[in-house]
Amino acid sequence: MSDARNTSADGSGFTTRLVALVRKETRQMLRDRSNLMVGLLLPVVLILLFGYGLSFDVRDAPVALVIQDRSETVRELVSGLRGSPYLDPVDVQTMEEASRMLVDGKVDAIVQIPGDFASRQVKGGAQVQLVLNGVDSTTAQTLEAYVQGALATATARQADRGGGVATGTVTLMTRTWFNEEGNSRWYLVPGLVVLIMTLVGAFLSSLLIAREWERGTLEALFVTPVRPLELVLAKLAPYIIIGLIDLAMCIIAAVVLFAVPIRGSLVAIVLVSFLYLLVSLLVGLLISGVTRNQFAASQVALLASFMPALMLSGFVFDLRNIPLAVRIVAEILPATHFMGVIKTLFLAGTDWGMVASNSAILLGYIVVLTFLTRRTLRKRLG
Amino acid sequence: MDRESGRALPPILASVLGWLGEVAFLFRKEVLALFKDPANRIILFAPAFIQTLLFGYGAILDLQHVPYAVLDQSRGQAASELIARLDGTGVFTRQATLVNASQIAPLIDRQQVLMAVTIPADFDRKLAGGGNGEVQVVFDGRNSTTAGSAASYVSAVVQALNAARSGGKGVAVVRRAWFNPNLESRWQIMPAMIATLSMLQTMLLAALSVAREREQGTFDQLLVTPMTPLQILVGKALPSIVVGLLQSTIVMLIVLLWFRIPMSGSPFLLYFGLLCFNIAAVGIGMTLSAFALNMQQAMLYSFVLIMPLTLLSGLLTPIRNMPLVLQYATYVNPLRFGVAIVRRVYLEGAGLGEIAINFVPLLAVAAVTLPLSAWLFRHRLS
């Protein structure tokens, strides 16, 4: 039977060997549940955590109110704070008590209205003290804007009613395109696709293939009639399948669980994700071939692919904020290009020009990495 | 004879010393195994160094640069004052001055600007008449956190403009931010890294130390030595704890000397907190290693655990923003309390009394995981 196949045309021999190898690799992968934990369970955990657990949005932040002026003006002013959906004010009698609550993390800010507020407001130069706990600077900055906004609205209302010289007020009408409610989940969930593709592509594959180098089972396969190309394709096939399952899970979770819109073309999403998965797999293969040691491979994969995809791709940290030198490094990473296009495809719509240029960049990486991987494999065998 | 026994150590002390001496043998062997390989030595310390720089420069949430476009249809004095004030902040840079509204969408779509300001033709007229002059602002919401920060900057500029127009009778909000006077996100993130960055490898090393012997079949030999499981446990756990503390020291020195974030609290208390945190992390690692059959599983299990532990630590997003179920889950997360201790000691200068409560969950995790793993060593032989 195998003789008959070997004598057949070279092309069919290629497919027969490839199918046999893929079956072997798939079985080997399914045998160990720890692989599937990283490949399938961890993505589910990440999707649920990012979807439900993490939020950068400030809602109902506890704020201590220390009102030392009991006048009617102040009561009106403070009603602006009480009405805000972002703030949850609690009345506190003394600054000492409020300070203690701030340090203990029971409140995020103190708003203190001094005893001479009303009299100063008539003369001009009225002040409100805002004390923030700077340890969580992100929340602190958001709170500052909310408190200022609420107070400004309240004073404007008072000024309107107070008559006097009407000077006219500049008002803002803001709209946030692509994410009208400003929900951080909407950009975290699409970004997760990048993280999970990197996880399966680079981290899992480099670790498992490095283990085969370490144990010498890969060399054993090289002496069989199997060609290196077939071997590489067969090794990568199970990861491609897992990566595609993860992609499907991300898309379904985004739509069904988190109501994240998919405004762009689904075909384009799958296409660029597949290209990025190939890039990650090649990175993983390259790392495993260079290190040939599973501990080293896992650490290098974390450091060279996963951490940068988490930190420098624009996933959570906006690239506009980072220094130029680091931004140049970020622009070199394939994850950054994938992140830009996947967020646009989910939230903004299909910009075919952007899809084409980013796909071209990813294809460029595939060519370069294939070349590098072939060189490492050949050199190591020689 | 009498005099000799008088000089000899009391029997209890002697047996304790003997016990410790045996542990010291195992400790030496473990440290040698860890540092013998030059590649390992690099892998143990280079990542802490590289990741600290990566996070220090990449993990920045402060919006410092907002490219924007303006469409001024009013061309009045108030409109130019608003634009001048935006340009004067140093945060907003005008990328384009538009002539019609159809130019806005392409600029935002291609991410050339983060926001577009439209000042309608009747803006100055309405303001002069004492009415409301409405300014329309459109933001790119693909990163809604960035859009939110930009919106609060614009609103601060408009409030300042309104206050100036009304003759300074508005309410001034005087801000003081404790522990982080300029509200820099780097201060929020980097001290927490002293605990976070060391956790990945301490847990992993602890998990690998047993799994390696299991894979190589030498663990059974260790079990038949005169050493008790407790001694094996201590000898295996200590090197990981030492490596964790060394890595924390590297991170701390970079945070202190390179990023120049001042330390307010006592270094001794900080190290005491880190020690307890590391013991808890190593306890989890040892328990994992008792479950893992080989190194690969140990690595994959640790990684599956580390991601949720990091995300649910309060490092990036406040624990209060999480759903209640997850908030309870964070009580078994050593990193939550490690981050809390480091932040409070490093930034707030808190004393032992103020942070004592954070040690309870850490020691509880250690008190459960360490005996559990010692028991598992004996009872789970593959």
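Residues numbered from 1 in each chain as written. Chains lettered and ligands numbered in written order. Predicted model: local features only at pLDDT ≥ 70, side-chain atom pairs only at ≥ 80, totals over all residues. Heavy atoms only, no water.

K.L.:
I'm lost on the overall build of chain A in this one. Help?
P.N.:
A count of helical and extended segments in chain A gives 15 helices and 5 strands. Whereas a compact globule of 382 residues would reach a radius of gyration of roughly 21 Å, chain A reaches 29 Å, over 25% beyond that. Across its three principal directions, the C-alpha atoms of chain A cover 100 × 45 × 40 Å. At a minimum sequence separation of 6, the contacts of chain A that also span at least 24 residues come to 78%. (Helix = DSSP H or I, 4+ residues; strand = E, 2+ residues; numbered from the N terminus. Rg over C-alpha atoms; globule rule 2.2 N^0.38 Å. Contact = heavy atoms within 4.5 Å.)

K.L.:
Where do I start with the packing of helix α11 (residues 266-291) of chain A against helix α12 (residues 294-311) of chain A in this structure?
P.N.:
Two measures define how a pair of helices packs: the angle their axes make with one another and the distance between the axes. All names here are of chain A. Relative to each other, α11 and α12 sit at 140°, their axes nearing to 9 Å. Classified by the angle between their axes, α11 and α12 sit oblique to one another. Seen from above, α11 lies across α12 with right-handed handedness. In contact with Val283, Ile287 and Thr291 of α11, α12 contributes Ala296, Ala297, Val300, Ala301 and Ser305. (Axes fitted to C-alpha atoms, helices over the stretch in contact; angles between N-to-C directions. Parallel < 35°, antiparallel > 145°, perpendicular 65-115°, else oblique. Left-handed = near helix turned anticlockwise from the far one by under 90°.)

K.L.:
What is the right way to look at the pairing of strand β1 (residues 61-67) of chain A in this model?
P.N.:
Each regular strand displays side chains that alternate between the two surfaces of the sheet. All names here are of chain A. In terms of burial, β1 is a largely internal element, 7 of the 7 residues being buried. Residues Ala61, Val63, Leu65 and Ile67 of β1 are buried on one face, and the alternating residues Pro62, Ala64 and Val66, pointing to the opposite face, are buried as well. Across 5 bridges, the pairing between β1 and strand β2 (residues 87-91) is parallel. When the sheet's bridge partners are listed, Pro62 is paired in β2 with Asp88. Across 5 bridges, β1 lies against strand β3 (residues 109-113) in parallel orientation. Looking at β3, one finds that Val63 is bridged to Ala109. (Buried < 20%, exposed > 50% of the residue type's maximum accessible area, 1.4 Å probe, protein only. Pairing = 2+ DSSP bridges.)

K.L.:
Help me understand the nonpolar core, please; the structure alone is not making it clear to me.
P.N.:
Proteins that are soluble and globular tend to have nonpolar side chains buried together. With 196 residues, the main nonpolar core has A:Leu46, A:Phe315 and A:Phe338 as its most contacted residues. When residues no more than four places from it in sequence are discounted, the contact partners of A:Leu46 are A:Gly51, A:Leu192, A:Ile196, A:Leu199, B:Met307 and B:Leu311. In this structure, A:Val170, B:Ala78, B:Leu114 and B:Ile119 belong to the second largest nonpolar core, which totals 27 residues. (Core = buried A, V, L, I, M, F, W, Y, C linked by side-chain atoms within 4.5 Å.)

K.L.:
Could you clarify how one ought to interpret the sheet that holds strand β3 (residues 115-119) of chain B in this entry?
P.N.:
Backbone-to-backbone hydrogen bonds pair the strands of a sheet. The strands run either parallel or antiparallel. Ordered by their spatial adjacency, 5 strands build an open sheet running β5(A)-β4(B)-β3(B)-β1(B)-β2(B), and the pairing between neighbours is mixed. Only two strands of the sheet have a single neighbouring strand rather than two, namely β5 (169-177) of chain A together with β2 (92-98) of chain B. Neighbour to neighbour, the strand axes of the sheet diverge by 25° on average, direction disregarded. Relative to strand β4 (residues 132-140) of chain B, β3(B) runs antiparallel, the two being bridged by 4 bridges. Directly across from B:Met115, in β4(B), lies its bridge partner B:Phe139. Helix-sheet contacts for helix α7 (residues 144-165) of chain B involve β5 of chain A together with β1 (66-72), β2, β3 and β4 of chain B, and the interaxial angle to β5(A) is about 170°.

K.L.:
Can you help me understand the interface of chain A and chain B in this one?
P.N.:
Often the size quoted for an interface is simply the accessible area lost on bringing the parts together. Between chain A and chain B, the contact holds 100 residues from the first and 102 residues from the second. Here chain A and chain B share an interface that buries about 9300 Å² over both sides, 63% of which is from carbon and sulfur atoms. Considering only the side of chain A, the residues that lose the most area to chain B are A:Val170, A:Phe295 and A:Arg320, jointly responsible for 9% of the buried surface there. At the surface where chain A touches chain B, the tally comes to 3 salt bridges. With a closest N to O distance of 2.9 Å, A:Glu144 and B:Arg175 form a salt bridge. (Buried area = accessible area lost by both parts, 1.4 Å probe. Salt bridge = Lys/Arg side-chain N within 4 Å of Asp/Glu carboxyl O.)

K.L.:
What is the right way to read the pattern of salt bridges from this model?
P.N.:
If you walk through the whole model with that rule in mind, you get 22 salt bridges over all chains. Here the salt bridges share partners, and the residues they tie into one network are A:Lys24, A:Glu25, A:Glu212 and A:Lys235.

K.L.:
What is the right way to look at the confidence of the model for chain B in this model?
P.N.:
A low pLDDT means the predicted coordinates there should not be read in detail. All names here are of chain B. With 96% of its residues at a pLDDT of 70 or more, chain B shows a mean pLDDT of 88. By mean pLDDT, the top-scoring element of chain B is helix α14 (residues 334-346) (95), and the lowest-scoring one is helix α1 (residues 2-7) (51). Scored as a whole, the predicted complex attains pTM 0.86, and scored at its interfaces, ipTM 0.83. (pLDDT = per-residue confidence, 0-100.)

K.L.:
Looking at this structure, I do not really get the sheet that holds strand β4 (residues 127-133) of chain A. What am I missing?
P.N.:
An order of β2(A)-β1(A)-β3(A)-β4(A)-β5(B) is seen for the 5 strands of this open sheet, with the pairing classed as mixed. Each edge of the open sheet carries a strand with a single partner, namely β2 of chain A together with β5 (172-178) of chain B. The sheet shows a mean angle of 25° between the axes of neighbouring strands, taken without regard to direction. Two elements, β4(A) and β5(B), share 7 bridges in a ladder whose sense is parallel. Across the sheet, the residue bridging to A:Val128 is B:Val173, located in β5(B).

K.L.:
Explain a nonpolar patch on the surface to me, please; I cannot follow it from the model alone.
P.N.:
Residue and element names in this part refer to chain A. On the surface, Val44, Leu48, Tyr52, Ile252, Val255, Val256 and Leu257 cluster together into a nonpolar patch covering about 600 Å² of accessible area. Listing elements by their share of the nonpolar patch, those giving two or more residues are α3 (33-53) and α10 (228-257). Counting residues per element, the nonpolar patch draws most heavily on α10, which supplies 4 residues. Locating Val256 in the fold gives a position in helix α10. (Patch = residues over 30% accessible without salt bridge, like charges linked within 9 Å, V, L, I, M, F, W, Y side chains within 5 Å. Areas by Shrake-Rupley, 256 points an atom, 1.4 Å probe, with all protein chains shown as cover.)

K.L.:
Hey, could you run me through the packing of aromatic side chains in this one?
P.N.:
For any pair of aromatic rings, the description rests on two quantities: the centre-to-centre distance and the angle between the ring planes. Per the stated rule, a full pass over the model turns up 13 aromatic pairs over all chains. Centre to centre, the rings of A:Tyr52 and A:Phe258 are 5.1 Å apart; their planes meet at 70°, and the pair counts as edge-to-face. A residue pair is termed long-range when its members are at least 10 positions apart, and A:Tyr52 in helix α3 and A:Phe258 in the loop between α10 and α11 qualify at 206 residues. Judged by its relative accessible area of 40%, A:Tyr52 falls in the partly exposed class. Judged by centre distance (6.2 Å) and plane angle (65°), the ring pair of A:Trp177 and A:Phe178 falls under edge-to-face. Considered together, A:Trp177 and A:Phe178 belong to a single accessibility category, that of buried residues. Through successive ring pairs, a cluster of aromatic residues spans A:Phe203, A:Phe306 and B:Phe303. Here A:Arg292 stacks its cationic end above the ring of A:Trp213, 3.6 Å away from the centre of that ring. Seen from the ring of B:Tyr331, B:Arg336 lies directly overhead, with NZ or CZ sitting 5.0 Å from the centre. (Phe/Tyr/Trp six-rings, centres within 6.5 Å; stacked < 30°, edge-to-face > 60°. Lys NZ or Arg CZ within 6 Å of the ring centre and 35° of its normal.)

K.L.:
Can you walk me through α10(A) in this structure?
P.N.:
Along an α-helix, residues three or four positions apart point the same way, because every turn accommodates 3.6 residues. Residues and elements named next belong to chain A. Taking 1.5 Å of rise per residue, 30 residues should cover 44 Å, and α10 covers 43 Å from first to last C-alpha, within 8% of that figure. Maximum bend of α10: about 30°, positioned at Ala237, with proline Pro238 one to four residues after it. Just beyond α10, the residue with positive phi is Ala259, at close to 55°. (Expected span 1.5 Å × (residues − 1). Bend = angle between axes of the 7 residues up to and from the residue.)

K.L.:
Is there a simple way to think about α7(B) in this case?
P.N.:
The terminal C-alpha atoms of α7(B) lie 31 Å apart, and with 22 residues this matches the ideal 32 Å at 1.5 Å per residue to within 8%. The backbone nitrogen of B:Thr145 lies 3.1 Å from a side-chain oxygen of the residue at the head of α7(B), namely B:Asn143. (Polar contact = N/O pair within 3.5 Å; in protein donor to acceptor, adjacent residues only side chain to side chain.)

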